[in-house]
Amino acid sequence: MNSAGHSEATAPRGLELTPFRGLRYDPDRVGSLAAVTSPPYDVVVRPDGLHHLQDSDPHNIVRLILPQATTPDIRNEQAADTLHRWLAEGVLTTDPEPALYVYEQSHADGMLQRGVIGTLRVSDPAEGIVLPHEDVMPHVVADRAALMRATRANLEPLLLTYRGNGTAAEIVDRTAERPPLLSTTTDDGYSHRLWAITDPTETARVQADLARHQALIADGHHRWATYRRLRAEHPSPGPWDHGLVLLVDTARYPLRVRAIHRLLHGLPVADALTAVDGLFRVRRLDVPLPRALDVLADAACAGNAFLLAGDGAFHLLDRPDPAFLARTVPREHPPAWRTLDATVLHAALLDHVWHIPEDDPTRIAYIHDTAATVEKAERDGGTAVLLHPVREEVVRDLARQGVTMPRKSTSFGPKPASGLVLRALDL
């Protein structure tokens, strides 16, 4: 139930998904489809990863979503020029008719995820249709908005989830029995396939089913906030009223939920540990990373727990002093929010112990990859803070109550690959 007392299926107005003419790479003009894809912009955090993607193909999508130049204005102008050049050269081509796109990801480990890509009507939080669960950083929204204004394009879909197991899911699965528009396997071992739904009857049935549901933002809070900002800037009706999304029915295809870790610049592990003395129990773990994560998972079952790394070992912080939490964690939120590891990390440790602003990129970085977080902390002399993931049902319950979690609290996946289908707003 949401805060207004409506179930997801009886919300007065639901998801409004619209077909669009997708922009897609011409496979004859690129080295391979896999070589032009990228993870979402906020996952490409390491320079070596960015350079690898740039080198994989001169037309890799990272040149649009993360253009490299000396100033933001030049970067955005560069991305717009690159997009226009690729369109003129036929590297990117426009599909002949509007479609909803079925997108599938699979892996040898048994993971299978399917969803539908379309343009979703941008709604305000008060409507209760698209539920955010995290706050956003204004400077990131401003950066994404500037890029979208310059390119007049949605370069990658954000990831939304809903729970339906109805007509839309049936059509998605039935569509996946046909030959795909494209099929490729990326370096991470994930296979990607894409289909187009162009039949008006099937499109209408998908739309009617989705109109009964609300969605949770799984990945892309900053892009959704960007859509809302740009819609407010432009007259309605118009192309800015909609934004590119992938909708996954987690009743049929559950997502994996992972933590997003913190890298604290300029704070050596020894100093971080000294500052928490007496506030948490601290234990040194001289074990490999997988075993340290197992210990963290066990400790997290009993209460708030974190792993600190960066000095060649792992240090488990658990059993926080209740009096310390009582005086540092705001009490106006529900208990489920106050007891989140991310809440305790931000409200108690970052604010009151380490004095690190959560939105200062010179002091803190948010990294999805666990090993990369530890490696960078060891290389730079900072502190990696590793978290245990939050369960999806906790995230959804808080979102329905209108309660946002601390920034970068969760990482839902697998995330859609960028570069398989784009949207130009002028088409």
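Note that the coordinates shown come from a computational prediction; the quantities given were computed from them, not determined experimentally. (Residues numbered from 1 in each chain as written. Predicted model: local features only at pLDDT ≥ 70, side-chain atom pairs only at ≥ 80, totals over all residues. Heavy atoms only, no water.)

So, about the confidence of the model for the chain. As a note on interpretation, predicted positions should not be read in detail where pLDDT is low. Averaged over the chain, the pLDDT score is 92; the fraction of residues at 70 or greater is 96%. Taken as a whole, residues 1-12 scores under 50 in pLDDT and shows 18 contacts with residues more than four places along the chain or in a different chain. (pLDDT = per-residue confidence, 0-100. Contact = heavy atoms within 4.5 Å.)

Attention shifts here to the pattern of salt bridges. For the coordinates displayed, the defined rule picks out 24 salt bridges. Here R114 ties to D173 by a salt bridge, and the two come within 3.1 Å at their closest N and O atoms. Of this pair, R114 sits in strand β5 (residues 112-121) while D173 is found in helix α5 (residues 167-175), placing the two residues 59 residues apart along the sequence. D173 carries the same exposure label as R114, and that label is buried. Here D426 ties to R152 by a salt bridge, and the two come within 2.8 Å at their closest N and O atoms. (Salt bridge = Lys/Arg side-chain N within 4 Å of Asp/Glu carboxyl O. Helix = DSSP H or I, 4+ residues; strand = E, 2+ residues; numbered from the N terminus. Buried < 20%, exposed > 50% of the residue type's maximum accessible area, 1.4 Å probe, protein only.)

Here we take up the side chain of Q105. Considering the arrangement of structural elements, one finds Q105 in strand β4 (residues 100-106). One polar contact links the side chain of Q105 to the main-chain carbonyl oxygen of K415, over a distance of 3.3 Å. Those residues in contact with Q105 that lie beyond four places of it in its chain are M111, L112, Q113, Y190, S191, H192, P414, K415 and P416. (Polar contact = N/O pair within 3.5 Å; in protein donor to acceptor, adjacent residues only side chain to side chain.)

Following both chains from N to C, one finds α5 and helix α6 (residues 200-210) inclined at 140 degrees, their axes separated by 8 Å at the closest point. For the element pair α5 / α6, the angle class is oblique. Along the contact surface, α5 presents T167, A168, A169, I171, R174 and T175, while α6 presents E202, R205, V206, D209 and L210. (Axes fitted to C-alpha atoms, helices over the stretch in contact; angles between N-to-C directions. Parallel < 35°, antiparallel > 145°, perpendicular 65-115°, else oblique.)

This brings us to α5. Every buried residue belonging to α5 is among A168, A169, I171, V172, D173 and T175, and all of these are buried. Next to the buried residues of α5 lie β4, β5, β8 (158-162), β10 (191-197), α6 and β12 (242-249).

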